[in-house]
Amino acid sequence: MAEVRLESVSKVFPGNVLAVDNITLQIKDKEFLVLVGPSGCGKSTTLRMVAGLEEITNGKIFISDRLVNDVPPKDRDIAMVFQNYALYPHMTVEENLEFGLKLRKIPKEERKKRVRDAAEILDIAHLLDRKPKALSGGQRQRVAVGRAIVRHPKVFLFDEPLSNLDAKLRVQMRTEISKLHSRLQATMIYVTHDQVEAMTMGDRIVVMKDGIALQIDDPISLYDHPVNKFVAGFIGTPPMNFMTGTVEQNNSTLVFNEGSFHLNLPSRYHEALKPFVNKQVVFGIRPEDIYDPSYGTELPNKQDVSAKVEVIEPMGSEIYLYMTTGKNPFIARVEPHVRAELDEQKKIIFNMDKAHFFENTAEGKNLLYDIERN
């Protein structure tokens, strides 16, 4: 078992700076858990506390049911892969892979076997005689991962390991790390600020902000059922569109009045939104849930809106239309054959079955969350 548990863990830095605020997590054996959030949200600090590189202020951390609060990093049976690779420049790849095993006095034959196995897994066997300066960024990252693999740790910790790579290599390496997880069947905790990495790699994702774990869920649930406005806006590319308006009663139905347009609200939303009649709320809709009329004809709960086209971004397989209606800018992600002109007043369709509504507050609680989850 390589389960990791954090129980009410906090970290306060000198000057009363709260970096991690009472976080409780259970990372299951063999799970790939991703911590994601903007810079300064506490995700790397959380990882470093699990590694033992940062002392915790309050709470408890368990690895395989062993309390490790006072256990030094070398005795926690973990391996960490850093953002900057941390390779020894004067050593060959083979020597870099072997170095940690030598310190642990692993017999030579066993060391060589582990190095060979890791090199085969990562396809770097042909690089064993090279030094780091003769490697590409992607190859250096593989060596850094290999140095963790040879340890045979209970838990792998990754601290933004792909942030120094170019876009193409990032895609390749995140695929390789996912395949590695499947092959090793190891517990992995991965930190990133890139929500695409989080969505494509994690079994579960922890979205953090200001040291708080706002939502812990699988990728699809996070995407479809964000608990608040921050999570909704952070997860998804391009991000969710937000528009502020008032909920109004119109006979037996409810209407969202943005000022320049009105949206009739599906009846299943009424119970959650009735307490907000004549109050302001935030309407959220993802770019892919906005359609050109010729592609949205089959939607049962569609609403037409007229908006001005400000920018057109052809992406090959799709087009991003940057539009404005009233005082609100928004992005529509439409089919590649949709025709639009700059400054055109264009009709588009909102799929109201995919609408979200949030309190008009800083936290922005999702008013439909319970309906969506059920």
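What counts, and at which threshold
- Residues numbered from 1 in each chain as written.
- Predicted model: local features only at pLDDT ≥ 70, side-chain atom pairs only at ≥ 80, totals over all residues.
- Heavy atoms only, no water.
- Helix = DSSP H or I, 4+ residues; strand = E, 2+ residues; numbered from the N terminus.
- Buried < 20%, exposed > 50% of the residue type's maximum accessible area, 1.4 Å probe, protein only.
- Contact = heavy atoms within 4.5 Å.
- Areas by Shrake-Rupley, 256 points an atom, 1.4 Å probe, with all protein chains shown as cover.
- Lys, Arg positive; Asp, Glu negative; His and termini not counted.
- Charge placed at Lys NZ, Arg CZ, Asp CG, Glu CD.
- Phe/Tyr/Trp six-rings, centres within 6.5 Å; stacked < 30°, edge-to-face > 60°.
- Axes fitted to C-alpha atoms, helices over the stretch in contact; angles between N-to-C directions.
- Parallel < 35°, antiparallel > 145°, perpendicular 65-115°, else oblique.
- Left-handed = near helix turned anticlockwise from the far one by under 90°.
- Nonpolar A, V, L, I, M, F, W, Y, C, P; charged D, E, K, R; others polar.
- Pairing = 2+ DSSP bridges.
- Salt bridge = Lys/Arg side-chain N within 4 Å of Asp/Glu carboxyl O.

### Regarding the overall build of the protein chain
Counting its regular elements, the protein chain contains ten helices and 20 strands. Dimensions of the protein chain along its principal axes, counting C-alpha atoms only, are 80 × 45 × 35 Å. Counting all 374 residues of the protein chain, 50% fall into the buried class. Considering only intrachain contacts with a sequence separation of at least 6, the fraction spanning at least 24 residues in the protein chain is 66%. Total accessible area on the protein chain is roughly 17,700 Å²; 47% of this is exposed by carbon and sulfur atoms. With 49 positive and 51 negative side-chain charges, the protein chain shows a spacing of 7 Å between the two charge centroids.

### Some words on the packing of aromatic side chains
Aromatic rings considered in pairs are described by the distance between their centres and by the relative angle of their planes. Across all of its chains, the model carries 13 aromatic pairs by this definition. Taken together, a centroid distance of 5.4 Å and an interplanar angle of 40 degrees make the contact between Phe 256 and Phe 283 tilted. A residue pair is termed long-range when its members are at least 10 positions apart, and Phe 256 in strand E12 (residues 253–257) and Phe 283 in strand E14 (residues 280–285) qualify at 27 residues. For the pair shown, Phe 256 and Phe 283 are each scored as buried. Taken together, a centroid distance of 5.5 Å and an interplanar angle of 40 degrees make the contact between Phe 283 and Phe 357 tilted. Of this pair, Phe 283 sits in strand E14 while Phe 357 sits in strand E20 (residues 356–359), placing them 74 residues apart in sequence.

### As for the packing of helix H2 (residues 93–103) against helix H3 (residues 108–122)
The interhelical angle for the contact between H2 and H3, taken along N-to-C directions, is 135 degrees, at an axis separation of 10 Å. On the basis of the axis angle, H2 is oblique to H3. Considering the relative orientation of H2 and H3, their crossing is right-handed. In contact with Glu 94, Leu 97, Glu 98, Leu 101 and Lys 102 of H2, H3 contributes Arg 111, Lys 112, Arg 114 and Val 115. Residue composition of the contact of H2 with H3, grouped by class: three nonpolar, no polar and six charged.

### What to know about the pairing of E12
Burial analysis of E12 places four of its five residues in the buried class, the great majority of the element. Taken together, the five bridges between strand E11 (residues 241–250) and E12 define a ladder with antiparallel strand orientation. Across the sheet, the residue bridging to Gln 249 is Leu 254, located in E12. Pairing analysis gives three bridges linking E12 to strand E13 (residues 262–264), with the strands arranged antiparallel. Each bridged residue has a counterpart across the sheet, and for Val 255 the counterpart in E13 is Asn 264. Between the antiparallel neighbours E12 and E13 lie four residues, among them Gly 259 with a positive phi of about 115 degrees.

### Points about the side chain of Arg 142
Considering the arrangement of structural elements, one finds Arg 142 in helix H4 (residues 137–149). Despite its burial, Arg 142 remains without a salt bridge, the nearest opposite charge being carried by Glu 176 at 4.1 Å. Setting aside residues no more than four positions away along its own chain, Arg 142 makes contact with Leu 122, Asp 123, Ile 124, Gln 172, Met 173 and Glu 176.

### Some words on the pairing of strand E17 (residues 319–325)
A regular strand places its side chains on the two faces of the sheet in alternate fashion. Summarising burial for E17: five of the seven residues are buried, a large majority. Pairing geometry for strand E16 (residues 302–314) and E17, over six bridges, is antiparallel. Bridge pairing in E17 places Lys 308 opposite Thr 324. Hairpin connection from E16 to E17: four residues lie between these consecutive antiparallel strands, with Gly 316 at a positive phi of about 95 degrees. Pairing of E17 with strand E18 (residues 328–334), which is carried by seven bridges, proceeds in the antiparallel orientation. Its bridge partner lying in E18, Thr 325 is registered against Asn 328. What sits between E17 and E18 in their antiparallel hairpin is a turn of two residues, with Gly 326 showing a positive phi close to 60 degrees.

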